[in-house]
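Analysis of the macromolecular model
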Amino acid sequence: MYRYFIQPQLNKFNNSLIGYEMLIRYRETDQDRWTLPESFDNIPIDVQVSLLKATASELALKIGSVSINFNRKQFLNDDIANAVIDAQKKLFPVHVIVEVTEEPGEDTYTLAAMQQQIAKYKASGLQFSLDDVGTGINVYDHIKPLLESAEEIKFAMQNFRAEDRENEIPIQLKFWRDIALKHDIRLILEGVENDVEDQMADDLNIALRQGYYYGKPHLFKLKADH
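Scoring rules and cut-offs
Residues numbered from 1 in each chain as written. Predicted model: local features only at pLDDT ≥ 70, side-chain atom pairs only at ≥ 80, totals over all residues. Heavy atoms only, no water. Helix = DSSP H or I, 4+ residues; strand = E, 2+ residues; numbered from the N terminus. Buried < 20%, exposed > 50% of the residue type's maximum accessible area, 1.4 Å probe, protein only. Polar contact = N/O pair within 3.5 Å; in protein donor to acceptor, adjacent residues only side chain to side chain. Contact = heavy atoms within 4.5 Å. Phe/Tyr/Trp six-rings, centres within 6.5 Å; stacked < 30°, edge-to-face > 60°. Pairing = 2+ DSSP bridges. Axes fitted to C-alpha atoms, helices over the stretch in contact; angles between N-to-C directions. Parallel < 35°, antiparallel > 145°, perpendicular 65-115°, else oblique. Left-handed = near helix turned anticlockwise from the far one by under 90°. Nonpolar A, V, L, I, M, F, W, Y, C, P; charged D, E, K, R; others polar. Arc of directions from axis to C-beta.

The protein chain is annotated in an unreviewed UniProt entry as Diguanylate cyclase of Lactiplantibacillus pentosus.

Here you go:
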């Protein structure tokens, strides 16, 4: 069984909840434990889409936006795109934000294909977010041509920790903050876990944040679960 866990995204400076990131998880029917799916590509499209619609429609009364993650392969899949566009129509005025994550081996997809698909999403009212900036293949030179099309970038401190690059976080974060200002797009800082990191974001004047410090992902129960 698949369900979405949701994690709050906050504007720290006006103390408001701006949205939720929806993170898909899997549980065997005889297990009590939720885990990351072994492969996101193996989740049937109709399962992802029906779950997205059910979760987002129940969240719609509570929130202005929901974010959903796709790797590049999923993002470029027209069946997924058409289904998410249909979901956006049904969920309006809630904004669906499509986050494109980075995964190994994804540098084979062409810039032209990405730009064409971004245009398709945006023409139907969806927003485009580049996740994991500064790590993996989502380094500046690789994603620079996509920044003009993005409404949002996300800087994931947990990725820098995983790559043993924690000491680079302050300099990299300043760099991406300046990129966001230059392109007039939102910057969400992910992976905030303690007072020191919260203060660093204050000092850099970064309002939008996500992380265990503000709220862990938690299971969003659907009406059908009750």
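With respect to the side chain of Arg 3
For Arg 3, the location among the structural elements is in strand β1 (residues 2–11). Taking the relative accessible area as the measure of exposure, Arg 3 reaches 12% and is therefore buried. In this structure the side chain of Arg 3 is engaged in a polar contact, spanning 2.7 Å, whose partner is the side chain of Asp 225. In this structure Arg 3 touches Leu 23, Ile 24, Arg 25, Trp 34, Leu 51, Leu 219, Leu 222 and Asp 225, once residues within four positions along its chain are discounted.

A closer look at the environment of Glu 197
Locating Glu 197 in the fold gives a position in helix α8 (residues 195–203). Between the C-alpha atom of Glu 197 and that of Leu 51, which follows or precedes it by 146 residues, the distance is 33 Å. Contacts of Glu 197, omitting those with residues within four sequence positions, involve Met 157, Arg 161, Gly 191 and Val 192.

Points about the packing of aromatic side chains
In this description, a pair of aromatic rings is defined by centroid distance and the angle of the planes. Taken as a whole and assessed by the stated rule, the structure comprises 9 aromatic pairs. Relative to Tyr 121, the ring of Phe 75 lies with its centre 4.9 Å away and its plane at 15 degrees, an arrangement referred to as stacked. Note that Phe 75 is positioned in helix α2 (residues 72–75) and Tyr 121 in helix α4 (residues 111–123), a separation of 46 residues in sequence. Overall, the relative accessible area of 1% leaves Phe 75 in the buried class. Between the aromatic rings of Tyr 213 and Tyr 214, the centroid separation amounts to 5.1 Å while the plane-to-plane angle is 90 degrees, which identifies the pairing as edge-to-face.

Points about the pairing of β1
With 8 of 10 residues buried, β1 is to be regarded as a mostly interior element. Hairpin connection between β1 and strand β2 (residues 16–26): a loop of 4 residues separates the two successive antiparallel strands, and Asn 15 in this loop has a positive phi of roughly 55 degrees. For β1 and strand β9 (residues 218–219), the ladder comprises 2 bridges, and the chain directions are antiparallel. Considered in β9, the bridge of Phe 5 is made with Leu 219.

Thoughts on the packing of helix α3 (residues 78–91) against α4
Remark: α3 packs on α4, axes separated minimally by 10 Å, with the N-to-C direction vectors making an angle of 20 degrees. Between α3 and α4, the crossing angle belongs to the class labelled roughly parallel. In the crossing of α3 with α4, the sense of the turn from one axis to the other is right-handed. Residue-level inspection shows Asp 78, Ile 80, Ala 81, Asn 82, Val 84 and Ile 85 of α3 in contact with α4, the latter providing Gln 117, Lys 120 and Tyr 121. Tallied by class, residues from the contact of α3 with α4 come to 5 nonpolar, 2 polar and 2 charged.

Regarding α8
Taken residue by residue, α8 has Glu 197, Asp 198, Met 200 and Ala 201 as its buried positions. Mapping the buried residues of α8 onto a view down its axis gives an arc of 155 degrees, with all of them on the same face. Across from the buried face of α8, at angles greater than 90 degrees, the exposed residues are Asp 195, Val 196 and Asp 203. Where the residues of α8 are buried, they touch α6 (157–162), α7 (169–183), β7 (186–190) and β8 (208–209). One or two positions beyond α8, positive phi appears at Asn 205, with a value near 60 degrees.

What about the packing of helix α1 (residues 45–59) against α3?
Look at α1 against α3: their axes get within 10 Å of each other, and the N-to-C directions meet at 15 degrees. Taken together, the axes of α1 and α3 lie roughly parallel to each other. In this structure, the crossing between α1 and α3 has a hand that is right-handed. Two secondary-structure elements touch here, α1 through Ile 45, Val 49, Leu 52, Lys 53, Ala 56 and Ser 57 and α3 through Asp 79, Ile 80, Ala 83, Val 84, Asp 86, Ala 87, Lys 90 and Leu 91. When grouped by side-chain class, the residues that make up the contact of α1 with α3 number 9 nonpolar, 1 polar and 4 charged.

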